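# Descriptive analysis of the structure
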Amino acid sequence: MTPVSDLQVYTAFAVTLLAGLATVVGGGLVLFFKKPNPRMLSFGLAFAAGAMIYVSLTEILNKSIASFTLGYGEKIGYAWGTFALLMGAVLVLLLDKLVPNPHETIEKNRLGDIGQQQLLRTGLLTLFAISAHNLPEGMATFFATLESPMLGTPLAVAIAIHNIPEGVAIALPVYMATQRKSYALLASLLSGLAEPLGAAIGYFILAPYLSNTVYGAIFGLIGGVMIYLALDELLPTAKRYAKGHETVYGLISGMAALASSLVIFNFIQ
């Protein structure tokens with residue numbers, strides 16, 4: 001395993017922080033744009049899903065298998081990498097059972113029919129739930145960037161796109177309840193900061209134990225987490241906002257953009 005420099009660590013934290021702060025962009029949309037374009041939102045969510053699925057299956061899984069192979073050989077390495085990928089999906093499934101993600105519930109309710117106290121409660125619960133889901137996303141972005149900026153940067157862009165509607169989901173009920181722009185933006189900011197917090201927790205806990213086996217497990221879990229989020233959150237939400245074929249167009253465009261960026265990075269390395 002190649003030693004990690006301070007510059008690599010700082011860069012990975014910076015990329016993770018920028019991806020997390022995209023929630024503030026979503027919060028800003030609530031305050032400054034009365035009618036966001038649902039078709040554009042559908043395309044953007046599907047674009048992020050396509051990028052995350054592609055990078056998970058073509059790059060992150062291969063990184064996991066390669067790391068395990070260095071320690072256990074080709075056949076065992078392939079088995080452990082595949083198992084880690086599946087376990088990543090299972091972990092997010094369990095997290096969803098413990099802390100349900102409130103996106104769909106919020107979309108089904110009409111804000112005008114809910115009192116201010118209930119709106120504020122909804123906003124705070126949304127903040128908590130989405131922040132809990134942002135912790136593993138931050139860890140995923142951090143370790144992917146730490147291993148390779150070629151891998152981490154496009155993943156961070158995909159997660160940033162995913163974070164924009166999360167910022168909307170948090171800021172909207174808080175703003176409707178308090179009529180304070182600063183509170184709505186602060187709520188979306190706090191959720192976004194959960195991503196660098198997840199990176200910090202992962203790094204400071206795992207840093208003393210980093211090895212080929214640990215890297216293999218981390219990347220396998222990351223891949224499973226990203227695939228689950230794309231299939232369970234991004235694509236269903238994109239489909240709800242779609243008016244035509246925006247979801248499939250966004251999905252293919254996201255895969256194509258991610259694939260193209262990886263090809264370009266490989267040539268310039």
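About the criteria used
- Residues numbered from 1 in each chain as written.
- Predicted model: local features only at pLDDT ≥ 70, side-chain atom pairs only at ≥ 80, totals over all residues.
- Heavy atoms only, no water.
- 1 Å grid on protein atoms, 1.4 Å probe; cavity = no way out; pocket = protein on both sides within 12 Å on 5 of 7 lines; lining within 4 Å.
- Points joined across faces, edges and corners; volume = space filled by probe spheres on them.
- Helix = DSSP H or I, 4+ residues; strand = E, 2+ residues; numbered from the N terminus.
- Nonpolar A, V, L, I, M, F, W, Y, C, P; charged D, E, K, R; others polar.
- Axes fitted to C-alpha atoms, helices over the stretch in contact; angles between N-to-C directions.
- Parallel < 35°, antiparallel > 145°, perpendicular 65-115°, else oblique.
- Contact = heavy atoms within 4.5 Å.
- Core = buried A, V, L, I, M, F, W, Y, C linked by side-chain atoms within 4.5 Å.
- Buried < 20%, exposed > 50% of the residue type's maximum accessible area, 1.4 Å probe, protein only.

As a volume, the second largest pocket reaches approximately 310 Å³. For the lining of the second largest pocket, the elements supplying multiple residues, two or more each, are helix H4 (74-98), helix H6 (116-147) and helix H10 (212-241). Per element, the largest residue contribution to the lining of the second largest pocket is five residues, and it comes from H6. Its residues placed into classes, the lining of the second largest pocket shows 13 nonpolar, no polar and no charged.

As a further point, take the packing of helix H8 (residues 181-192) against helix H9 (residues 194-206). In contact at an axis separation of 4 Å, H8 and H9 are set at 25 degrees when each is read in the N-to-C sense. If you check the angle between H8 and H9, you find them roughly parallel. Contact with H8, carried on its side by Leu190, Ser191 and Gly192, involves Ala194, Glu195 and Pro196 of H9 and no other residues of that element. Class assignment of the residues belonging to the contact of H8 with H9 gives a composition of three nonpolar, two polar and one charged.

Met52, Phe142, Leu155, Ile222 and Met226 are the most contacted members of the largest nonpolar core, which totals 46 residues. Elements that contribute at least two residues to this core include exactly helix H1 (6-20), helix H3 (38-72), H6, helix H7 (149-178), H9, H10 and helix H11 (246-268). Broken down by element, this core gets its largest block of residues, 13 residues, from H10. Aside from chain neighbours lying at most four places away, what touches methionine 52 is Leu155, Ala158, Met226, Leu229, Ala230 and Leu234.

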